[in-house]
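Survey of secondary and tertiary structure
Spelled out, the chains give:
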2 protein chains.
Amino acid sequence: MKVNVMSDILKANDLLARDIENLLIEKKIMSWNIMGSPGAGKTALLEKLIPMLPAQTAAAVIEGDLATSNDAERIARTGVQSAQINTNGACHLDAAMVRSAIDTLNLDGIAILFIENVGNLVCPSSFQLGEQGRIVVSSITEGDDKPEKYPSMFKKADLVLLNKIDMMQHTNFNMDNFHKGMSSTNPDASVILVSAVTGEGFDQLLDWILQRLP
Amino acid sequence: MKVNVMSDILKANDLLARDIENLLIEKKIMSWNIMGSPGAGKTALLEKLIPMLPAQTAAAVIEGDLATSNDAERIARTGVQSAQINTNGACHLDAAMVRSAIDTLNLDGIAILFIENVGNLVCPSSFQLGEQGRIVVSSITEGDDKPEKYPSMFKKADLVLLNKIDMMQHTNFNMDNFHKGMSSTNPDASVILVSAVTGEGFDQLLDWILQRLP
């Protein structure tokens, strides 16, 4: 008898993810799965964005990392609730981990839940976490070829944030090549150029996020 | 009956990796598994290093990517043999892929085989490819916290190349923090600061590589 383990894992994960999604929709919480390479600037973007949210748009954050609680501590300093998941070696978050983290948060009055995945441009794309949308963070210093080299990740993005735009002048990043890669991989995704250091692009990002509240 | 699939996969992979390692040792070829995040500069480092190798130290390169043959084409332009593996979604190379790639190369007279893994700071660390040593490429623009946040990768490195040192002045990278992370994760690893753009550190890297030829 053939044992098809990977399918079973994914099926169980998707069922749990649907429960999480239903719970969050019922509570009128918009949820984003934020993915990208190690060091692309996922946490730095949240540290910059969260203080810009209107007072009535409260956020909470779930942080996924192999080890350390550094990122959840960074987020907590912005004044919002944060929960740290340590995957202990696993290369992505899954729905069961997110479910456990949600149980540690008080979701009353929360309008947006950001779920920052493990830094990895491959594995996280295969696992639904109950999110309603996906944001992929790429950065200028990683190079302009990432959409075509990591298509599974970019194909499923609603929004691609091209971060570290302030570093552009110090690199040989070819913007036309990046957009060409996005056009062939996922022409429907929004792309916003940002810098978590200078704040460039954050007004546009804030509008994009607020327009997608339930 | 319990079906312990992950262990079986790893066991089969390790057996095949041992065969590859024996083959390469018999042919007096030193082999390096090069790992790091997407965009850390793995290919750029090889493009810079390979032309510096003495004439009698011929190299060949195996490139691993989810998609495209961009990297093998870049390497081929340095004048050495290169083979591209497309993993079609898999987040790491395995020994069977490397075995197939080796069969496309002429190893007569080759002194060093570089195996550039899929850009990923997690999964590749668990899979032996038949390599005799491991090089992890980290970069200044990824931040100083990577050794402690991705310990499984850094724990198994013989050499850590901290690339993009020319970008240091444009970031808030804390070198003490990086070395502290390395000391607690893997105090035995060599660490060399390099820039594939300016060439900084490449004399030291070349010496390090040449000292480890069989």
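Above this note sits the structure.
First, a word on what this report is: a plain description of the structure on this page.

Cut-offs and rules
Residues numbered from 1 in each chain as written. Chains lettered and ligands numbered in written order. Predicted model: local features only at pLDDT ≥ 70, side-chain atom pairs only at ≥ 80, totals over all residues. Heavy atoms only, no water. Helix = DSSP H or I, 4+ residues; strand = E, 2+ residues; numbered from the N terminus. Rg over C-alpha atoms; globule rule 2.2 N^0.38 Å. Buried < 20%, exposed > 50% of the residue type's maximum accessible area, 1.4 Å probe, protein only. Contact = heavy atoms within 4.5 Å. Areas by Shrake-Rupley, 256 points an atom, 1.4 Å probe, with all protein chains shown as cover. Lys, Arg positive; Asp, Glu negative; His and termini not counted. Charge placed at Lys NZ, Arg CZ, Asp CG, Glu CD. Pairing = 2+ DSSP bridges. Axes fitted to C-alpha atoms, helices over the stretch in contact; angles between N-to-C directions. Parallel < 35°, antiparallel > 145°, perpendicular 65-115°, else oblique. Nonpolar A, V, L, I, M, F, W, Y, C, P; charged D, E, K, R; others polar. Buried area = accessible area lost by both parts, 1.4 Å probe. Salt bridge = Lys/Arg side-chain N within 4 Å of Asp/Glu carboxyl O. Polar contact = N/O pair within 3.5 Å; in protein donor to acceptor, adjacent residues only side chain to side chain. Least-squares fit on C-alpha atoms with pLDDT ≥ 70 in both.

1. Side note on the overall build of chain A
From N to C terminus, chain A includes eight helices and seven strands. Against the globule reference of 17 Å for 214 residues, chain A gives a C-alpha radius of gyration of 17 Å, in line with a compact fold. Along the three orthogonal principal directions, the C-alpha set of chain A runs to about 50 × 50 × 30 Å. Within chain A, buried positions represent 56% of all 214 residues. When contacts within chain A are restricted to residue pairs at least 6 apart in sequence, those whose partners lie at least 24 apart make up 73%. Of the roughly 8,900 Å² of accessible surface on chain A, 49% is carried by carbon and sulfur atoms. Chain A carries 18 positive and 26 negative side-chain charges, and their two centres are separated by 4 Å.

2. A look at the sheet that holds strand β2 (residues 58–65) of chain B
All names here are of chain B. Read from one edge to the other, the open sheet built from seven strands follows the order β3-β2-β4-β1-β5-β6-β7, with strand pairing classed as parallel. Looking at the sheet topology across the chains shown, the edges are occupied by β3 (81–86) and β7 (190–193). With direction set aside, neighbouring strand axes in the sheet form an average angle of 20°. Across five bridges, the pairing between strand β1 (residues 30–36) and strand β5 (residues 133–139) is parallel. Looking across to β5, one finds that N33 is bridged to R134. Packed on one face of the sheet, helix α8 (residues 202–211) meets β1, β4 (110–116), β5, β6 (159–163) and β7 and runs near 150° to β7.

3. Considerations on the packing of helix α2 (residues 42–49) of chain B against α8 of chain B
How two helices sit against one another is set out by the angle between their axes and by the gap between those axes. Residues and elements named next belong to chain B. Where α2 meets α8, the closest approach of the two axes is 11 Å, and the angle between their N-to-C directions is 85°. Considering the angle they form, α2 stands roughly perpendicular to α8. Residues L45, K48 and L49 of α2 lie in contact with α8, whose contacting residues are F202, L205, L206 and I209. Taken together, the residues that form the contact of α2 with α8 break down as six nonpolar, no polar and one charged.

4. Details of the interface of chain B and chain A
With 32 residues of chain B at the interface, the matching set in chain A holds 32 residues. Carbon and sulfur atoms supply 60% of the area buried between chain B and chain A, which totals about 2,400 Å² over both sides. Per-residue buried area on chain B facing chain A is highest for P38, L66 and K149 of chain B; these three make up 23% of the total on that side. For the pair chain B and chain A, the number of links is four salt bridges. Here K149 of chain B and D71 of chain A are joined by a salt bridge, their closest N and O atoms 2.7 Å apart. Here chain B and chain A share twelve residue pairs in polar contact (both at pLDDT 80 or more) between them. Secondary structure elements with two or more residues in the side of chain B that touches chain A: α3 (70–76), α5 (146–149) and α6 (151–155) of chain B. With three residues, the single largest contributor to the side of chain B that touches chain A is α5 of chain B.

5. Remarks on the relation of the copies chain B and chain A
When chain B is brought onto chain A, the operation consists of a screw motion whose angular component is 180° and whose axial shift is 0.0 Å, with 0.0 Å RMSD remaining. Taken together, these values place the two copies in the relation of a two-fold axis. Most of the interface of chain B is mirrored in chain A: 100% of its interface residues are interface residues there too.

6. What about the side chain of E131 of chain A?
Residue and element names in this part refer to chain A. Of note, E131 is situated in the loop between β4 (110–116) and β5 (133–139). Since its relative accessible area comes to 5%, E131 is described here as buried. A polar side-chain atom of E131 sits 2.7 Å from the main-chain amide nitrogen of L129. A polar side-chain atom of E131 sits 2.7 Å from a polar atom in the side chain of R134. Each residue touching E131, except ones within four places of it in the same chain, is listed here: E21, S31, W32 and N33.

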